[in-house]
Amino acid sequence: EVAASQADLALILISSIERKVLATVEELARVHGLRLLGSLPKPVQLHELRALLTRVNVLRPAAAVRSAIAEITVAELRAAIQAGEMDIDVQPQVDAHSRALLGVEALARWRSPSRGLVAPDRFIPLAEQNGLIEELTGAICRKAIGACARWREQGLETRVSINISYSTLEHLDFPERILALCAEFGLPPRLVQMEITET
């Protein structure tokens with residue numbers, strides 16, 4: 001139901017901010033799987049808004065396509081985790097005053113050979129509800145810690161922050177598993193930070 005309702009939504013960005021910033025917001029919207037009709041500068045011209053609104057039906061996916069996107073099975077997700085299809089994108093964390101890089105947040109991504117880029121809100125709840133969240137978390141931690149270690153080898157020493165589910169805290173060996181990954185990649189544990197997801 002949620003997937004179907006999201007597929008029916010379309011987004012128009014309206015802002016007076018600089019065009020380059022708006023382009024970045026547009027790209028973020030697309031990466032997160034949002035259906036973007038376009039963007040308009042302020043003040044909005046009525047004829048421009050009407051022109052964008054006419055694109056709703058053009059960009060609306062067929063029901064069969066929406067259904068195919070919505071139907072991710074537990075078996076498919078399990079196979080994707082085991083096949084190493086889970087990856088990360090990183091979001092910089094920057095000091096607002098000095099603009100110095102404080103670290104990066106690792107964001108889970110599923111790059112599927114058949115589905116393309118699958119947004120995290122499509123597969124993380126499925127993993128949480130079907131006992132796959134620990135396996136998924138392990139895969140993301142491995143990618144994030146490995147990436148952080150490679151950056152350090154290239155001269156960029158920065159912290160990586162990884163989102164974890166609250167249920168992960170119930171596994172008392174979780175800190176040891178993270179320490180083992182750090183040892184495997186030669187990364188000081190001080191460069192790894194965990195954040196509990198909002199849900």
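The rules behind these values
- Residues numbered from 1 in each chain as written.
- Predicted model: local features only at pLDDT ≥ 70, side-chain atom pairs only at ≥ 80, totals over all residues.
- Heavy atoms only, no water.
- Phe/Tyr/Trp six-rings, centres within 6.5 Å; stacked < 30°, edge-to-face > 60°.
- Helix = DSSP H or I, 4+ residues; strand = E, 2+ residues; numbered from the N terminus.
- pLDDT = per-residue confidence, 0-100.
- Contact = heavy atoms within 4.5 Å.
- Axes fitted to C-alpha atoms, helices over the stretch in contact; angles between N-to-C directions.
- Left-handed = near helix turned anticlockwise from the far one by under 90°.
- Salt bridge = Lys/Arg side-chain N within 4 Å of Asp/Glu carboxyl O.
- Expected span 1.5 Å × (residues − 1).
- Core = buried A, V, L, I, M, F, W, Y, C linked by side-chain atoms within 4.5 Å.
- Buried < 20%, exposed > 50% of the residue type's maximum accessible area, 1.4 Å probe, protein only.
- Patch = residues over 30% accessible without salt bridge, like charges linked within 9 Å, V, L, I, M, F, W, Y side chains within 5 Å.
- Areas by Shrake-Rupley, 256 points an atom, 1.4 Å probe, with all protein chains shown as cover.
- Polar contact = N/O pair within 3.5 Å; in protein donor to acceptor, adjacent residues only side chain to side chain.
- Pairing = 2+ DSSP bridges.

Q: For this particular structure, what's the right way to read the packing of aromatic side chains?
A: Any two aromatic rings considered together are summarised by their centre-to-centre distance and by the angle between their planes. Tallying each qualifying case throughout the model produces one aromatic pair. With centroids separated by 5.9 Å and ring planes inclined at 90 degrees, the aromatic side chains of Trp110 and Phe123 adopt a geometry described as edge-to-face. Within this pair, whereas Trp110 is found in strand β4 (residues 101-112), its partner Phe123 is found in helix α7 (residues 120-129), the two being separated by 13 residues in sequence.

Q: What exactly am I supposed to notice about the confidence of the model for the chain here?
A: When pLDDT is low, close inspection of the predicted coordinates is not appropriate. Of all residues in the chain, 87% attain a pLDDT of 70 or more, and the chain-wide mean is 83. Throughout residues 1-7 the model reports pLDDT below 50, and contacts reaching past four residues in sequence, or to other chains, amount to five contacts. Segment residues 58-68: pLDDT under 50, and 12 contacts once partners within four positions in sequence are set aside and those in other chains are kept.

Q: Please explain the packing of helix α8 (residues 133-153) against helix α9 (residues 174-185) as it appears in this structure.
A: Packed helices, taken two at a time, are described by the angle between their axes plus the distance between the axes. Where α8 contacts α9, the two axes come as close as 9 Å, and the packing angle between them is 35 degrees. Between α8 and α9 lies a crossing whose hand is right-handed. Mapping the contact onto sequence places Glu134, Thr137, Cys141, Arg142, Ile145, Gly146 and Ala149 in α8 and Phe174, Arg177, Ile178, Leu181, Cys182, Glu184 and Phe185 in α9.

Q: Sorry, what's going on with the pattern of salt bridges here?
A: When the charged atoms of two side chains lie near each other, side chains of opposite charge can form a pair. According to the stated counting rule, one finds eight salt bridges in the structure shown. Residue Glu184 is joined to Arg142 by a salt bridge in which the shortest nitrogen-to-oxygen separation is 2.9 Å. With Glu184 in helix α9 and Arg142 in helix α8, the pair connects residues that are 42 residues apart, well separated along the chain. Sharing partners across several salt bridges, the network here consists of Asp87, Asp89, Arg109 and Arg111.

Q: Where do I start with α8 in this structure?
A: Along an α-helix, residues three or four apart share an orientation, since each turn contains 3.6 residues. Its 21 residues give α8 an end-to-end C-alpha distance of 30 Å, which sits within 8% of 30 Å, the value for a rise of 1.5 Å per residue. Gly155 occupies a position one or two residues after α8 and carries a positive phi of about 100 degrees.

Q: How should unusual backbone geometry be read in this particular structure?
A: Note: most residues except glycine have negative phi, and most peptide bonds are trans. Of note, Arg99 is a non-glycine position whose phi angle comes to about 65 degrees, a positive value. Mapped onto the secondary structure, Arg99 falls in the loop between β3 (86-94) and β4.

Q: Would you mind showing me how to read the nonpolar core here?
A: The tendency in soluble globular proteins is for nonpolar side chains to be buried as a group. Among the nonpolar cores identified, the biggest contains 35 residues, and Leu77, Met86, Trp110, Phe123, Leu136, Ile145 and Val192 are the most heavily contacted of them. When contributions to this core are tallied by element, the ones reaching two or more residues are α6 (74-82), β3, β4, α7, α8, β6 (159-164) and α9. For this core, the element with the most residues is α8, which contributes 10 residues.

Q: Looking at this model, I keep getting lost on a nonpolar patch on the surface. Mind explaining?
A: On the surface, Ile17, Val21 and Val25 cluster together to form a nonpolar patch covering roughly 200 Å² of accessible area. With respect to the element layout, Val21 can be found in helix α2 (residues 19-31). Using a relative accessible area of 41% as the deciding quantity, one classes Val21 as partly exposed.

Q: When you look at the environment of Asp89 in this model, what are you seeing that I'm missing?
A: Considering the arrangement of structural elements, one finds Asp89 in strand β3. Taking C-alpha positions, Asp89 is 9.1 Å from Ala144, a pair spaced 55 residues apart along the chain. Setting aside anything within four residues of it in sequence, one finds Asp89 in contact with Val31, Glu105, Ala106, Leu107, Arg109 and Arg111. Here the side chain of Asp89 touches Arg109 through a polar contact of 3.3 Å, side chain to side chain. A polar contact of 2.6 Å, which involves the side chain of Asp89, links it to the side chain of Arg111.

Q: Would you mind going over the pairing of β3 with me for this structure?
A: On a regular strand, each side chain points to the face opposite its neighbour's, so the side chains alternate between the two faces of the sheet. Taken together, the nine bridges between β3 and β4 define a ladder with antiparallel strand orientation. The residue bridging Val94 from the neighbouring strand is Leu101, located in β4. Taking the residues between adjacent antiparallel strands as the criterion, β3 and β4 are bridged by six residues, where Arg99 takes a positive phi near 65 degrees.

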